[in-house]
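Architecture at a glance
The primary structure of each chain is shown beneath.
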Amino acid sequence: MPRAHAVEFTLLGPVGVHMAGQPRPLGGPRQRAVLVALLLHANEVVRTRQLLDLVWSDLPTSAESNLRTYLTRLRRILRAPEETESRLQTRRGGHLVTAHPGELDVDRFTELAARGEQAEDPVAACDFLERALRTWRGRALEDVATGHWLEAEATRLESLRERVYEQYLHTRLSLGHHAEVLPELRALLLRNPLWERMAGMLMVALHRSGQRTEALSVFRRTRNRLVEELGVEPGHELSALHQRLLSDEVPGVHAAPIVLATRPDGLAVVEVDSNRADGSASARVTGTTRTRDVPWQHRHRPPTRAEPGTRGGAERPAQLPVDLPTFTGREAELAELTAEAVDDRPIITIVGMPGSGKTTLAVHAAHRLAERYPDGQLFLDLHGHTDGADPLDPNEALGLMLRALGVPATRMSVSTEARAGLYRSLLADRRMLVVLDNALSEAQVSPLLPGAGASRTLITSRRRLTGLAHQAHSLPIDVLPLADAVSLFTTIATPQRVAAEPPGLVAEVVELCGRLPLAIRLAAVRLRDRPFWTLADIRDRLGDPKGRLAELSAGEHGVSAAIDRSVADLEPDRRRMLTLLGLHPGAVIDLNAAAALAGVSLPAADRVLEDLVDAHLLRQTAPDRYESHSLVRAFVLERAQGMDQQDVRDAMRRLLDFYLHTVDACDSLIHPVRRHTEPPPPDPVVVPLRFTAVESALAWCDAVCADLPGVVEAAGRHGLLTHACQVALRLEGYFDARERWAEGTATYEAALGPARMLHDQEMEAELLLGMAFGRARQRQYESALAYYEATVELCGHTEVRYIEGFAVMGLAEVSRRLGRYDQAIENYRRAVALYRGTNDVTAICANLDRLGSMYRELDMVDEAIECYRQACEQSEQAGNPRGAARFLITLGQAYLTRDRYEEATAVTTRALALCAAGGDRDGQNRALTALGRMRTVAGERDQAMAHLATAQGLLADLDDHPSADAYLPETHPDRPAPKPTA
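Residues numbered from 1 in each chain as written. Predicted model: local features only at pLDDT ≥ 70, side-chain atom pairs only at ≥ 80, totals over all residues. Heavy atoms only, no water.

Regarding the overall build of the protein chain
Summing up its helical and strand segments, the protein chain has 42 helices and 19 strands in all. For the protein chain, with 982 residues in total, the buried portion stands at 53%. Contacts spanning at least 24 positions in sequence make up 68% of the contacts within the protein chain whose residues lie at least 6 apart. (Helix = DSSP H or I, 4+ residues; strand = E, 2+ residues; numbered from the N terminus. Buried < 20%, exposed > 50% of the residue type's maximum accessible area, 1.4 Å probe, protein only. Contact = heavy atoms within 4.5 Å.)

Structural data, given as structure tokens:
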């Protein structure tokens, strides 16, 4: 019970608030979710938009009004006795809940767990950890309407609890309390059979309780589950413990257990005496050892390496691990690995990203090949990327293989060169299959390769072993094809379980797994082991990118852990680049963009990116373009959250400088009528792309188009408001040229917020106009009308009449499309009046032309004639004879529909003269064709044929002649005329 006259917030169980010892009613699940989101950011201002995203996965239209109601109620609930203000305050731009030290159970739990981790005395550590666990009263965030983010937070807290509980049991075991912890260890392993660390502790507890046979059975059961369900062998620590049990090296019941406690300078080796006469325990430090850079929860692993259980003196070793019964797909790779003609490929390296199934493929292929190699098979894990274990030294690796080949230790030299020579000699006259798994580098592998002979070596590695190119054939493996990925998931989850699910749902799930075999196995096992889950549950859990990696884990095995081991081996500049790539809004990035993001030169960025490609943490999709796998991207995005915020802002500013100046270069070619001022110079390290032709500019925009809304949204999120707006506005020509208006409207919408934050109404109006035009081009006419009307309304507060004119024209065009002809006519007239006020003759004529066209559709020919007549006069007064000629031709056709033959031929003949004087051959062709038709109607056949023959003669030259259309506005049914150049 919370103490009186105190405030206590509880999230580790049913969500609650106690004040003066009394619980406060917190309302329904969604209101509780709002409180939880604020408490998880206690003492921080949470912006309203951020709070909405935290609480709702899919925002309903009523979300904002509901949120205001919840906050008002919570403000009253969180007013503590004897405090003048509520603990919930609304600040400018957001909301803040104040929690003093010790009031929030999450903070107490975290602090006690940290003190337990840091304590050198295991007795004190055990006390702190036990107190930390007592802060829990149930499942995290109970009774809350959890969206994706809150569910991910609950999963994270439960994972922390699990790790602390594991640490607590380990410490109790180290103190000799093995009999007491046995029931707990059994229950935990039964709940999660893949939890290797728990299996190891249970094995030690059983052994110390005199149950050595049962301890060995635990290993066997755990190994079988790992192999069958995940396709992996037990980790180094569990395998080493198994070897020690086999040789009876694990301390027994009365032995002083050894525990590793963290110290600032490494690990303290502590000997614990739990058999004192008074029943108490004591501990003393007997030495220290250095730690590797591994997560804290792994720092209690014994720093020993056990040798695989090879048989000394064996002449025909058979060391292949068990083949995976659920192996699926990879037919092309298997065909290459098991082809009969292998003499020219005695060494093959299988390379791919973490979790791609390299070991599984190698073992499966090796079992198929085994009968061809009668002298046996060697299998050696080189621990290139094994958590908690150093990569196997070539000298040690050679010793293990020589021992498997029957060489006694007395015959082995200490020299690596001598051991390598002996190994090659032994294999020279044998036909053996060797699998070197999990290789780190060429230097590690080279001494282990056979020389002449008929043996074959398969090597798996996460890195391209380019140094072996002259010796080995490389077989890169990618993620699974969709059909194979679906088949793998179905096999593991069981066909019966999947058969009842909606078609296509498995494909959605495996796509969310990035078609990565390890991720697919983990997701399938979760579904199979949870009888009340459906495929939709798995899909929804994986659907949130922020929580996806947490879902794809099983004990110590998971996608995140696999990627982390590869990232940990990178050089610092490579790690930094990979982390910064998490800030990029899209999965694909240009070399120049990556260089800008990292603030380095192009050659430096090229070296780093190529090294990441070699490590299979990126892949190259085209020259100077790189893509990250969706799960690698999720991993680095998590890491990027911990970066210094100033570094993040600087990196994003450089990235947006790159995009703004590259988009500007594209715009200058695609849409050369310049309406924008030159952007400010970019950061000196930024090198924007330059283009020499429209085609190359369009191709670059095509490649990045899907990412453009995200680029603009990221600019706004990081406070680069002007960048956000200017990038969006410079893409108008591209969106129009390629008809990519779905991306176009999304990009403009992302820029609207930044424009409003800048209080730039002209920019906001342009973006609204773009939204309207994009909606119209997508035939979303009602939405287009709304945006055009919003543009007109906003323009009423500005002096930018040309934008208002376009919006009114747009209203007319869309009304016309919807059959609302009266509104269309009214808006065309409004547009003409607006442009008369600005003396924009081109726009006046465009609207008169469209209005005339509409009148003709409505059989209001006299009104149409008047429109064309005014357009002719305006064009002539503006000194545009070609434009006047075109309107004269149209006017002539309107006269003809009223049987006003003389007037029709007169204005058309005048148009022909204007075209001839201006050298407008296309115009002459149109005028002559129109005259030919008029003469035909009048029965003047000879004159008609003469006009048409002359028109036909002009056609041969028209392909190379500039069209007079350039002198008239376009008459696209949805598109306003070109914007004025001045």
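Here we look at the confidence of the model for the protein chain
For the protein chain, mean pLDDT is 83; residues scoring 70 or higher make up 88% of the total. At the low end of the mean pLDDT range in the protein chain sits strand S7 (residues 258-263), at 37; at the high end sits helix H24 (residues 591-598), at 95. Below a pLDDT of 50 lies the segment residues 1-5, which in the model reaches eleven contacts outside its immediate sequence neighbourhood of four places, other chains included. Segment residues 252-314 is flagged for pLDDT under 50; beyond a separation of four residues in sequence, or across chains, it makes 150 contacts in the model. (pLDDT = per-residue confidence, 0-100.)

Digging into the nonpolar core
Judged by nonpolar contacts, the single largest core of 177 residues is most densely connected at Phe489, Val559 and Trp700. In terms of residue count, helix H27 (residues 645-670) provides more of this core than any other element does, twelve residues in total. In terms of nonpolar packing, the next biggest core, distinct from the first, is built from 56 residues, Leu35, Trp56, Ala99 and Ala113 among them. (Core = buried A, V, L, I, M, F, W, Y, C linked by side-chain atoms within 4.5 Å.)

Concerning the environment of Cys701
Mapped onto the elements of the fold, Cys701 is located in helix H28 (residues 694-704). The class of Cys701 is buried, set by a relative accessible area of 1%.

Examining the environment of Gly953
Among the secondary structure elements, Gly953 is positioned in helix H42 (residues 941-958). Spatially, the C-alpha atoms of Gly953 and Asn925 are 8.8 Å apart, while their sequence positions differ by 28 residues.

Structural notes on the packing of helix H8 (residues 196-208) against helix H10 (residues 236-246)
Viewed as axis vectors pointing N to C, H8 and H10 meet at an angle of 15 degrees, and their least axial separation amounts to 9 Å. When the interaxial angle is binned, H8 and H10 end up roughly parallel. Here H8 runs over H10; the crossing is left-handed. Packed against H8, whose contacting residues are Glu196, Arg197, Ala199, Gly200, Met203, Val204 and His207, the element H10 presents Glu237, Leu238, Leu241, His242 and Leu245 at the interface. Here the residues of the contact of H8 with H10 sort into six nonpolar, three polar and three charged. (Axes fitted to C-alpha atoms, helices over the stretch in contact; angles between N-to-C directions. Parallel < 35°, antiparallel > 145°, perpendicular 65-115°, else oblique. Left-handed = near helix turned anticlockwise from the far one by under 90°. Nonpolar A, V, L, I, M, F, W, Y, C, P; charged D, E, K, R; others polar.)

Here we look at the sheet that holds strand S1 (residues 7-10)
Ordered by their spatial adjacency, three strands build an open sheet running S1-S2-S3, and the pairing between neighbours is antiparallel. Strands at the two margins of the open sheet, each flanked by one partner only, are S1 and strand S3 (22-23). One ladder, built from four bridges, connects S1 with strand S2 (residues 16-19); its direction is antiparallel. Across the sheet, the residue bridging to Glu8 is His18, located in S2. (Pairing = 2+ DSSP bridges.)

Focus: the environment of Cys795
Within the secondary structure, Cys795 sits in helix H34 (residues 781-795). C-alpha of Cys795 to C-alpha of Ala765: the two residues are 30 residues apart in sequence and 6.8 Å apart in space. Those residues in contact with Cys795 that sit more than four places away from it in its chain are Ala765, Val800, Arg801, Ile803 and Glu804.

A few points about the packing of aromatic side chains
All chains considered together, the criterion is met by 13 aromatic pairs. Look at Phe735 and Trp741: their rings are 5.9 Å apart centre to centre, the planes differ by 50 degrees, and that puts the pair in the tilted class. With a centroid separation of 5.2 Å and 85 degrees between ring planes, the pair formed by Trp741 and Phe773 is classed as edge-to-face. Highlighted residues: Trp741 in helix H32 (residues 741-757) and Phe773 in helix H33 (residues 761-777), separated in sequence by 32 residues. Considered together, Trp741 and Phe773 belong to a single accessibility category, that of buried residues. The structure contains a cluster of three or more aromatic residues connected by ring pairs, namely Tyr734, Phe735, Trp741, Tyr748 and Phe773. We note Arg530 situated over the ring of Trp533; from NZ or CZ to the ring centre the distance is 4.9 Å. (Phe/Tyr/Trp six-rings, centres within 6.5 Å; stacked < 30°, edge-to-face > 60°. Lys NZ or Arg CZ within 6 Å of the ring centre and 35° of its normal.)

Digging into the pattern of salt bridges
Counted by the stated rule, this structure contains 49 salt bridges. The partner of Arg172 in a salt bridge is Glu180, with the nearest N and O atoms 3.5 Å apart. A residue is classified by how much of its surface remains accessible, and Arg172, at 10% relative accessible area, is buried. Its salt-bridge partner being Arg898, residue Asp862 comes within 3.6 Å of it at the nearest N-O pair. One end of the pair, Asp862, is in helix H38 (residues 861-877); the other, Arg898, is in the loop between helix H39 (881-897) and helix H40 (901-918), with 36 residues separating them in the sequence. Judged by relative accessible area, which is 45%, Asp862 ranks as partly exposed. (Salt bridge = Lys/Arg side-chain N within 4 Å of Asp/Glu carboxyl O.)

Concerning helix H36 (residues 821-838)
With 18 residues, H36 should reach 26 Å at 1.5 Å per residue; the first-to-last C-alpha distance of 26 Å fits that figure. Every buried residue belonging to H36 is among Ala824, Ile825, Asn827, Tyr828, Ala831, Val832, Leu834 and Tyr835, and all of these are buried. Of the surrounding elements, those touching the buried residues of H36 are helix H35 (801-817) and helix H37 (841-857). The positive-phi residue at the C-terminal boundary of H36 is Asn839, with phi of around 55 degrees. (Expected span 1.5 Å × (residues − 1).)

Quick notes on the pairing of strand S18 (residues 619-622)
One ladder, built from three bridges, connects S18 with strand S19 (residues 625-627); its direction is antiparallel. Looking across to S19, one finds that Arg619 is bridged to Glu627. A loop of two residues connects S18 with S19, the two strands running antiparallel in sequence, and Asp624 in this loop sits at a positive phi of about 65 degrees.

Some points on the sheet that holds strand S4 (residues 46-47)
In any sheet, the strands associate via hydrogen bonds between backbone groups, in a parallel or an antiparallel arrangement. Strand order in this open sheet of three strands is S4-S6-S5, and the pairing throughout is antiparallel. Edge positions in the open sheet fall to S4 and strand S5 (88-91), since each of these has one partner strand only.

Things to note about the side chain of Ser566
Structurally, the position occupied by Ser566 is in helix H22 (residues 559-568). In this structure, Ser566 is in contact with Pro354, His385, Arg462 and Leu617, ignoring residues within four places of it in sequence.

Focus on the pairing of S2
Residues Gly16 and His18 line one face of S2 and the alternating positions Val17 and Met19 line the opposite face, and both faces are buried. In sequence, S1 turns back onto S2 through a hairpin of five residues, with Gly13 there showing a positive phi of about 140 degrees. Between S2 and the antiparallel strand that follows it, S3, lie two residues; Ala20 among them carries a positive phi value of about 55 degrees.

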